[in-house]
Amino acid sequence: MDDRTAAGTGRQQLPDGPSVWCTNGPAAVAMWREMLPPGTYHRAVRRLREGDTLVDVGANIGLLSLYCARARPGLRIIAAEPAPALHACLERNLAEQAGTARWQAERTAVGDRPGHLSFTYYPQAPGNSGLYADRRADDEITLAFLRNSGVDAEDAAELLEGLHEGVELTVPVVTVSELLRRHRVERVDLLKVDVERAELDVLRGVEREHWPLVGAVVAEVHDEGGRLDAVRDLLGAQGFDVRVGQDPLLAGTPLYDVEAVRDV
């Protein structure tokens, strides 16, 4: 593990949640709040049942996987996270907190074809790390979030200082379909995608034969270059009822939540 990516690893008590291993405590707390009602992830988890299967793409330190495991005992979890420091925390958190869930944690990115790609890891903002990291754009999104949260301009500028200074890594890449074959997955009750601009790649990596196995998708989408429409069209063509929303704290940014449920 690169020492630069592992610096600061420790435990963080989450509000109304478990104590978890993380590389950045404030970031872990912020990500955990996304799991709680009335958000997109909470609604998605409510549709899961005992024994269902979650494929968690862009798992980070595993907060959605843990939230699902705590809500639905006996879940099966396939989690993928390419950043070594985050993956190490993911494994420790699942081992300690996943209860009766059966889980596998892959240290890989997920895209539209297998291989190896450059990945930018932000130690101070691990949730914004990705294959297509854009420091300027990521600063602008964070600045809008801070302003919408009531942080004044001077304090927001101070918080942004060095937030998106990245460490470049080379990571393996697989497709969703390869993960399903590798783990002999017969159905995916929830496919979660949070991959910072690579979401369309992830969905394009689901082969035709595997789409009927997927019951629901929840994805964070960066609407840049028509990506939101492309995601909505792809999911609609696969028979999903697609809904798009935006967290009020992200108003004025290109970040949207996509919920897609199989139209039966």
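So, how was this worked out
Residues numbered from 1 in each chain as written. Predicted model: local features only at pLDDT ≥ 70, side-chain atom pairs only at ≥ 80, totals over all residues. Heavy atoms only, no water. Pairing = 2+ DSSP bridges. Helix = DSSP H or I, 4+ residues; strand = E, 2+ residues; numbered from the N terminus. Axes fitted to C-alpha atoms, helices over the stretch in contact; angles between N-to-C directions. Parallel < 35°, antiparallel > 145°, perpendicular 65-115°, else oblique. Left-handed = near helix turned anticlockwise from the far one by under 90°. Contact = heavy atoms within 4.5 Å. Nonpolar A, V, L, I, M, F, W, Y, C, P; charged D, E, K, R; others polar. Patch = residues over 30% accessible without salt bridge, like charges linked within 9 Å, V, L, I, M, F, W, Y side chains within 5 Å. Areas by Shrake-Rupley, 256 points an atom, 1.4 Å probe, with all protein chains shown as cover. Salt bridge = Lys/Arg side-chain N within 4 Å of Asp/Glu carboxyl O. Lys, Arg positive; Asp, Glu negative; His and termini not counted. Charge placed at Lys NZ, Arg CZ, Asp CG, Glu CD.

Thoughts on the pairing of strand β12 (residues 255-262)
Now for step 1: As judged from the 7 bridges shared by strand β10 (residues 216-222) and β12, these two strands associate in the antiparallel manner. Directly across from Val 217, in β12, lies its bridge partner Ala 260.
Now for step 2: Bridging between strand β11 (residues 240-245) and β12 involves 6 bridges; their strand directions are antiparallel. Residue pairing in the sheet places Val 244 in a bridge with Val 258 of β12.

Some points on the packing of helix α6 (residues 135-148) against helix α7 (residues 153-160)
Now for step 1: Where α6 meets α7, the closest approach of the two axes is 10 Å, and the angle between their N-to-C directions is 140°. The angle between α6 and α7 places the two elements in the oblique class. The handedness of the crossing between α6 and α7 comes out as right-handed. Across the interface between the two elements, Asp 139, Thr 142, Leu 143 and Leu 146 of α6 pack against Ala 156, Leu 159 and Leu 160 of α7.
Now for step 2: The residue inventory of the contact of α6 with α7, partitioned by class, reads 5 nonpolar, 1 polar and 1 charged.

Concerning a negative patch on the surface
Now for step 1: Judged by side-chain charge, Asp 152, Glu 154, Asp 155, Glu 158 and Glu 161 come together as a negatively charged surface patch.
Now for step 2: Relative to the assigned elements, Glu 158 resides in helix α7.

Describing the sheet that holds strand β9 (residues 190-193)
Think of a sheet as strands paired side by side through backbone hydrogen bonds, with each pair either parallel or antiparallel.
Now for step 1: Spatial ordering of the open sheet is given by β5-β4-β3-β9-β10-β12-β11, a layout of 7 strands whose pairing is mixed. Each of the sheet's edge strands pairs with one partner strand only, and the pair in question is β5 (102-106) and β11. The average undirected angle you get between the axes of adjacent strands in this sheet is 15°.
Now for step 2: Pairing of β9 with β10 involves 3 bridges; the strand directions are parallel. If you follow Leu 191 over to β10, its bridge partner there is Val 217.
Now for step 3: Here helix α4 (residues 63-71) sits on the sheet in contact with β3 (53-57), β4 (76-80) and β9, set at roughly 165° to β3.

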